[in-house]
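Structure assessment
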Amino acid sequence: MSVGDTTITIVGNLASDPELRFTPAGAALVKFSVASTPRSYDKNSGQWKDGTAMFMRCTAWRDIAQHIADTLTKGMRVVVTGRLRQHDWQTPEGEKRSMLALEVDDIGPSLRFATAKVERIARTTNSVGQAPSSDPRNTATPTEPAAPAGSAVSGDEPPF
């Protein structure tokens, strides 16, 4: 993240299944839209009223892109955090256009109305290409969940 990035969090439902693609260099890329509709309670009518739906186009890269494609489907309620980006272009007719999109930093299912089972993925390298740390909590395999913070294997680390 760089100085001046506009970081936002959006809660909404996936408008369609994530579209996974790969660049010519082999990097995973996923695109999807999140629909977020504000609701407010109208005291006069005693009913909830939906506001105008907002559809945010989102893009994620590499490992998180693959995890999104493997895990999330249309209609799932998600919490997405990322950096807001503006894309400008010109149509063949010469009209200037722009749109806002979200470059995803993190995403997960919303647990407000659902439950989820999380599987930790064992990594062979970290984000800078080094071997993973020797922290015993990082030895989980996809079939063996990581030890929770504060458990006997976490050493002197605080439980948060």
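Everything below is about the structure printed above this text.
Residues numbered from 1 in each chain as written. Predicted model: local features only at pLDDT ≥ 70, side-chain atom pairs only at ≥ 80, totals over all residues. Heavy atoms only, no water.

**Quick notes on the layout of surface pockets**
So the rule is basically this: The pocket and cavity definitions rest on a 1 Å grid over protein atoms only: a 1.4 Å probe that fits but cannot leave marks a cavity, an open set with protein on both sides within 12 Å along at least five of seven lines marks a pocket, and residues lining either have an atom within 4 Å of a point. Grid points are joined across faces, edges and corners, and a volume is the space filled by probe spheres set on the points. Secondary structure elements follow DSSP: runs of H or I of four or more residues count as helices, runs of E of two or more count as strands, with numbering from the N terminus. Amino acids are sorted into nonpolar (Ala, Val, Leu, Ile, Met, Phe, Trp, Tyr, Cys and Pro), charged (Asp, Glu, Lys and Arg) and polar (every other residue, Gly among them).
Counted as a void, the second largest pocket has a volume near 250 Å³. Surrounding the second largest pocket, Val11, Gly12, Asn13, Ala35, Ser36, Thr37, Arg39, Asp50, Arg77, Arg112 and Phe113 form its lining. Those elements that provide at least two residues to the lining of the second largest pocket are strand E1 (6-14) and strand E3 (28-36). For the lining of the second largest pocket, the leading source of residues is E1, giving three residues. Of the residues in the lining of the second largest pocket, the class split is three nonpolar, four polar and four charged.

**With respect to the packing of aromatic side chains**
To be explicit about the condition: Two rings belonging to Phe, Tyr or Trp (six-membered ring only in the last case) form a pair when the distance between their centres is within 6.5 Å. Interplanar angles under 30 degrees mark stacking, angles over 60 mark edge-to-face geometry, and anything in between is tilted. With a 1.4 Å probe rolled over the protein chains alone, any residue whose accessible area is under 20% of its type maximum counts as buried; one over 50% counts as exposed, and the rest are partly exposed.
On inspection of all chains with the given rule, the structure shows one aromatic pair. Ring plane angle 65° and centroid distance 5.4 Å describe the contact between Tyr41 and Trp48, whose orientation is recorded as edge-to-face. The partly exposed category is assigned to Tyr41, whose relative accessible area is 45%. The exposure class assigned to Trp48 is exposed, which follows from its relative accessible area of 51%.

**A word on the pairing of strand E5 (residues 47-50)**
Convention followed: Only when DSSP finds a minimum of two bridges between them are two strands counted as paired.
Alignment of strand E4 (residues 39-42) against E5, held across four bridges, turns out to be antiparallel. Residue pairing for E5: Ser40 is matched across the bridge by Lys49. Following E4, the chain reverses through four residues before pairing antiparallel with E5; Gly46 in that reversal takes a positive phi of roughly 75°.

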